[in-house]
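Fold and geometry: a report
What follows is the residue order along each chain.
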Amino acid sequence: MRFCSKCKKQFEIQSNYVTCPDDGELLWFGTFKGRTIETRFVLEEELEKTALGELYRAEDLNTGKKVAVRVLSREFTSRVEPAALMELIERHRLIETKNVSKVIASGAKPVPYIVSTYESGTPLLWLLNGNPLAEELLRKISADLAEALLELHELGAVHGALSVRDISISKDGGGEHSAYINNLGLADLVDPLGDEFEYLVRNPAYMSPEQFALEKNQPATDVYSMAVCLFEALPGR
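Residues numbered from 1 in each chain as written. Predicted model: local features only at pLDDT ≥ 70, side-chain atom pairs only at ≥ 80, totals over all residues. Heavy atoms only, no water.

1. Some details on the environment of V158
Among the secondary structure elements, V158 is positioned in the loop between α4 (135–154) and β11 (167–171). Taking the C-alpha atoms as reference, V158 lies 8.9 Å from L186; in sequence the two are 28 residues apart. (Helix = DSSP H or I, 4+ residues; strand = E, 2+ residues; numbered from the N terminus.)

2. Structural notes on the sheet that holds strand β12 (residues 177–181)
Across the sheet, three strands lie side by side as β10-β11-β12; this open sheet has antiparallel pairing. Strand pairing shows two members of the sheet lacking a second neighbour, β10 (122–123) and β12, which therefore form its edges. Inspection of the sheet shows β10 paired to β11 by two bridges, in the antiparallel sense. Counted as the bridge partner of P123 is S168 from β11. Sitting on the sheet, α4 is in contact with β11 and β12, with an inclination near 35° to β12. (Pairing = 2+ DSSP bridges. Contact = heavy atoms within 4.5 Å. Axes fitted to C-alpha atoms, helices over the stretch in contact; angles between N-to-C directions.)

3. Focus on the packing of α4 against helix α7 (residues 219–233)
Between α4 and α7, the shortest axis-to-axis distance is 11 Å and the interhelical angle comes to 165°. Here α4 is positioned roughly antiparallel relative to α7, judged by the angle of their axes. Our pair here, α4 against α7, has a crossing hand that is right-handed. Where α4 approaches α7, its residues L138, I141, S142, L145, A146, L149 and H153 are matched on the opposing element by P219, D222, M226, L230 and A233. Residues that form the contact of α4 with α7 fall into these classes: nine nonpolar, two polar and one charged. (Parallel < 35°, antiparallel > 145°, perpendicular 65-115°, else oblique. Left-handed = near helix turned anticlockwise from the far one by under 90°. Nonpolar A, V, L, I, M, F, W, Y, C, P; charged D, E, K, R; others polar.)

4. Here's the deal with the pattern of salt bridges
Per the stated rule, a full pass over the model turns up nine salt bridges. For R40, the salt bridge is made with D60, and the minimal N-O distance between the two is 2.8 Å. One end of the pair, R40, is in the loop between β4 (36–37) and β5 (41–50); the other, D60, is in strand β6 (residues 53–60), and 20 residues separate them in sequence. With relative accessibility at 2%, the residue D60 sits in the buried group. Note that R70 and E48 form a salt bridge whose closest N and O atoms lie 2.8 Å from each other. With R70 in strand β7 (residues 66–72) and E48 in strand β5, the pair connects residues that are 22 residues apart, well separated along the chain. For E48, a relative accessible area of 24% puts it in the partly exposed group. Put simply, E44, E45, R57 and K66 are held in one network by salt bridges that share partners. (Salt bridge = Lys/Arg side-chain N within 4 Å of Asp/Glu carboxyl O. Buried < 20%, exposed > 50% of the residue type's maximum accessible area, 1.4 Å probe, protein only.)

Here's what the structure looks like:
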């Protein structure tokens, strides 16, 4: 089957349609894997599929480096103001620390997408196997996360949905560990309505009191979520 990312209609592969006959959007197969966006980003592997959209590891043909490509869901784009999304993207372009995703490119064709830096590593979630993390590692994770969130907040951005799924732990050639926030703070753009969609983009286990009170996210929101992540990492569960 082929499908239209705008109206969600499906068409048989044998049909002669290349674009949707209703809205002119380019038709895609059931997965974006293997596709190339803007003749530059080759989507190699789907990493996750959430209410925000699909996240892929991709290759940047211009640099040969691995990047992350978020194909935004129609549900998400219909809930956010385009101007607010562009403002968030521009703020994430200014990031300098190596401990959080930085936006490289974005666009709306053939589907809305955001390209950001990608750091391979072990998700912190996978390390929570019931064994406490080493004190030195826990200190390094804490310092790296604090540095990443500090820069985000100084740029006027808030992550808004930090959890152990969003944190990767890597080790360089010298054995030095580092923590990296993989996902952009797109959830911060979702209005706090307390509906099902909000709880799909935010993990309730990491939500701060102000989020449950349907108040606007603030830097303290991220500090609370980071503290929950570290609280889980301390005993390893």
